[in-house]
Amino acid sequence: PGSFSKYSEKKAQELAVEAEHNRLFDKFHAQEEAWIRKGIEARRTRNEGRVRRLEELRRQRAERRNVQGQVNFKLDSGEKSGKIIAELEHASFAYGDKVIMDKFSAILQRGDKIGLIGPNGIGKTTFLKLILGELQPTYGRIRIGSKQEVAYFDQFRSALNENDTVFYTLGQGNDYVEVGGKKKHVMSYLEDFLFHPARAQSPVSSLSGGERNRLLLAKLFTRPANILVLDEPTNDLDIDTQELLEDLLRDYQGTVFLVSHDRMFLDNVITQSIVFEGNGRLKEYIGGYQDYIDAKSREDKIQTASAPKASDAEPAKEKPKANRTVKLSYKEQRELDALPDEIAALEAEQAEINTQLSYPEIFKDYEKAGALQNRAEEIEMLLLEKLERWELLETKQNGNAV
């Protein structure tokens, strides 16, 4: 009701409220994404409610993204490479006394999506140069396959000239680029990567980290490539673009070499891992990062079980009686009896908080949402403490405590 000016005023108020709601929503969503990427603790049963809430947040954000626009890109895998990308036979490489790779053998084939895992400075980039033929091994042999067209996403953004404009960086003086065998105007292609037309004449030096990444991806995808090398591609990349990049790489028909410290990104993309264990030791594992962690854990358990025990080398001593019942103190027994009810109460409170946080309306009152989130984290710590205490008391009661 009312005049057009009243409508405009009311609409501006609603947009301001919506913008603030989106800001609070995005902040909370970013916190939850940071939590889920911390690793295995996000997979525990007691966090399933929090994981489900995050899935709902992602769904809501995806719906908003579809309205606002999204990055749109495709990668031309070009002509197929040979079946063998690289064959390594006892290959070694060293810089002086520093051994990067020591007698490593492997066959890397077309279509593999390989994650390189290890700390910074251990030699992952050097390994890539060896695989691509830019360096030669100091010992052993590396046979490079045929018909290879490589696109390289550089961690240090060396492909971007700071003084060039965004338009020139992509078109190199041409108004059109060829993408997937078809010509496309540079301005239209930039819009696919969420660059406003007014941004096209801005120098590269003025771009944010996320914009630089999108520009480098746009430049990378204008050339056909059957081997894609990605060195820390998710640095400064917004969540929307990262999710779309994951989808692209999963569907990509060529070969991918991926260096990243983002465990979830690795799990979502790679089919096998090459792990740098230090002192030139490299080892292959099938699957993603979590598969490597699980396999490594099994190896460690087998190694521990097969290792000679210190007691084997010592004179036989009388062993203490096993499984004898140890009587808890009165206070400990009462504590043990009360723990199941205390844990159940905490889990019930946790479930109630998760239910409240699953409703978008809660973010209109950010202070309340923040307080609920803080309480949820506090409950998480309390549950850990009480579960550990329960296990300790039961173990002691069964006669296995020290």
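See the structure printed just above.
Keep in mind the model is a prediction, meaning the values are calculated, not measured.

K.L.:
Explain helix 10 (residues 330–357) here, please?
P.N.:
Working note: α-helix, 3.6 residues per turn, so residues spaced by three or four point in the same direction. Counted at 1.5 Å a residue, the expected span for helix 10 with its 28 residues is 40 Å, and the 41 Å between its end C-alpha atoms agrees. Turning to helix 10, its buried residues number three or more, namely Glu-332, Leu-336, Leu-339, Ile-343, Leu-346, Gln-350, Ile-353, Asn-354 and Leu-357.

K.L.:
Please clarify how unusual backbone geometry should be interpreted in this entry.
P.N.:
Glycine aside, residues mostly have negative phi angles, and peptide bonds mostly take the trans form. Non-glycine residue Lys-103 carries a positive phi angle of around 50°. Mapped onto the elements of the fold, Lys-103 is located in strand 2 (residues 98–109). One non-glycine residue, Lys-147, lies in positive phi territory at about 55°. Residue Lys-147 is classed as exposed on the basis of its relative accessible area, which comes to 55%.

K.L.:
Can you walk me through the side chain of Glu-211 in this structure?
P.N.:
In this structure, Glu-211 sits in helix 6 (residues 209–220). Once residues within four sequence positions are removed from consideration, Glu-211 is found in contact with Phe-195, Arg-199 and Ser-206.

K.L.:
Looking at this structure, I do not really get the sheet that holds strand 1 (residues 84–95). What am I missing?
P.N.:
Across a sheet, strands are paired by hydrogen bonds formed along the backbone, either parallel or antiparallel in direction. Across the sheet, which stays open at both edges, the three strands sit in the order 2-1-4 with antiparallel pairing between neighbours. Where the open sheet ends on each side, the last strands, each with one partner, are strand 2 and strand 4 (139–144). With strand direction ignored, the average angle separating the axes of adjacent strands in the sheet is 20°. The sheet contact formed by strand 1 and strand 4 spans five bridges and is antiparallel. Each residue of the ladder has a partner; that of Ser-92, found in strand 4, is Tyr-139. On top of the sheet, helix 3 (residues 124–131) reaches strand 1, strand 2 and strand 4; it is set at about 130° to strand 1, its chief contact.

K.L.:
Which parts of the structure should I look at to understand a negative patch on the surface?
P.N.:
On the surface, Glu-385, Glu-388, Glu-391 and Glu-394 cluster together to form a negatively charged patch. Mapped onto the fold, Glu-394 is located in helix 11 (residues 366–397).

K.L.:
Explain the packing of aromatic side chains here, please?
P.N.:
According to the stated counting rule, one finds five aromatic pairs in the structure shown. Aromatic pair Phe-104 and Phe-127: ring centres 6.3 Å apart, planes at 65°, arrangement edge-to-face. Here Phe-104 is found in strand 2, whereas its partner Phe-127 is found in helix 3, with 23 residues between them in sequence. The same class applies to Phe-104 and to Phe-127, which are both buried. Ring geometry for Phe-127 against Phe-276: centres 5.7 Å apart, planes inclined by 85°, an arrangement best described as edge-to-face. Residue Phe-127 is found in helix 3, and its partner Phe-276 is found in strand 10 (residues 272–278); the two are separated by 149 residues along the sequence. Taken together through their ring pairs, the aromatic side chains of Phe-104, Phe-127 and Phe-276 make up a single cluster.

K.L.:
What am I meant to see in the pattern of salt bridges here?
P.N.:
Where charged atoms from two side chains of opposite charge come close, those side chains can pair. The full count for this structure, using the stated rule, is twelve salt bridges. One salt bridge connects Lys-386 with Glu-342, and the closest N-O pair in it is separated by 2.9 Å. Here Lys-386 is found in helix 11, whereas its partner Glu-342 is found in helix 10, with 44 residues between them in sequence. Take Lys-386: its relative accessible area is 23%, and that puts it in the partly exposed class. Residue class for Glu-342 comes out partly exposed when judged on its relative accessible area of 33%. Note that Arg-375 is salt-bridged to Glu-349, the shortest N-O span being 2.7 Å. Note that Arg-375 is positioned in helix 11 and Glu-349 in helix 10, a separation of 26 residues in sequence. Glu-349 gets classed as partly exposed once you look at its relative accessible area, which sits at 30%.

K.L.:
Is there a simple way to think about the environment of Leu-384 in this case?
P.N.:
The residue Leu-384 is located in helix 11 in this model. The exposure class of Leu-384 is partly exposed, given its relative accessible area of 22%. Each C-alpha atom of the pair Leu-384 and Ile-343 lies 9.6 Å from the other, and the pair is 41 residues apart in sequence.

Conventions used here
Residues numbered from 1 in each chain as written. Predicted model: local features only at pLDDT ≥ 70, side-chain atom pairs only at ≥ 80, totals over all residues. Heavy atoms only, no water. Helix = DSSP H or I, 4+ residues; strand = E, 2+ residues; numbered from the N terminus. Expected span 1.5 Å × (residues − 1). Buried < 20%, exposed > 50% of the residue type's maximum accessible area, 1.4 Å probe, protein only. Contact = heavy atoms within 4.5 Å. Pairing = 2+ DSSP bridges. Axes fitted to C-alpha atoms, helices over the stretch in contact; angles between N-to-C directions. Patch = residues over 30% accessible without salt bridge, like charges linked within 9 Å, V, L, I, M, F, W, Y side chains within 5 Å. Areas by Shrake-Rupley, 256 points an atom, 1.4 Å probe, with all protein chains shown as cover. Salt bridge = Lys/Arg side-chain N within 4 Å of Asp/Glu carboxyl O. Lys, Arg positive; Asp, Glu negative; His and termini not counted. Charge placed at Lys NZ, Arg CZ, Asp CG, Glu CD. Phe/Tyr/Trp six-rings, centres within 6.5 Å; stacked < 30°, edge-to-face > 60°.

Such coordinate-based values are descriptive only and should not be taken to indicate function.
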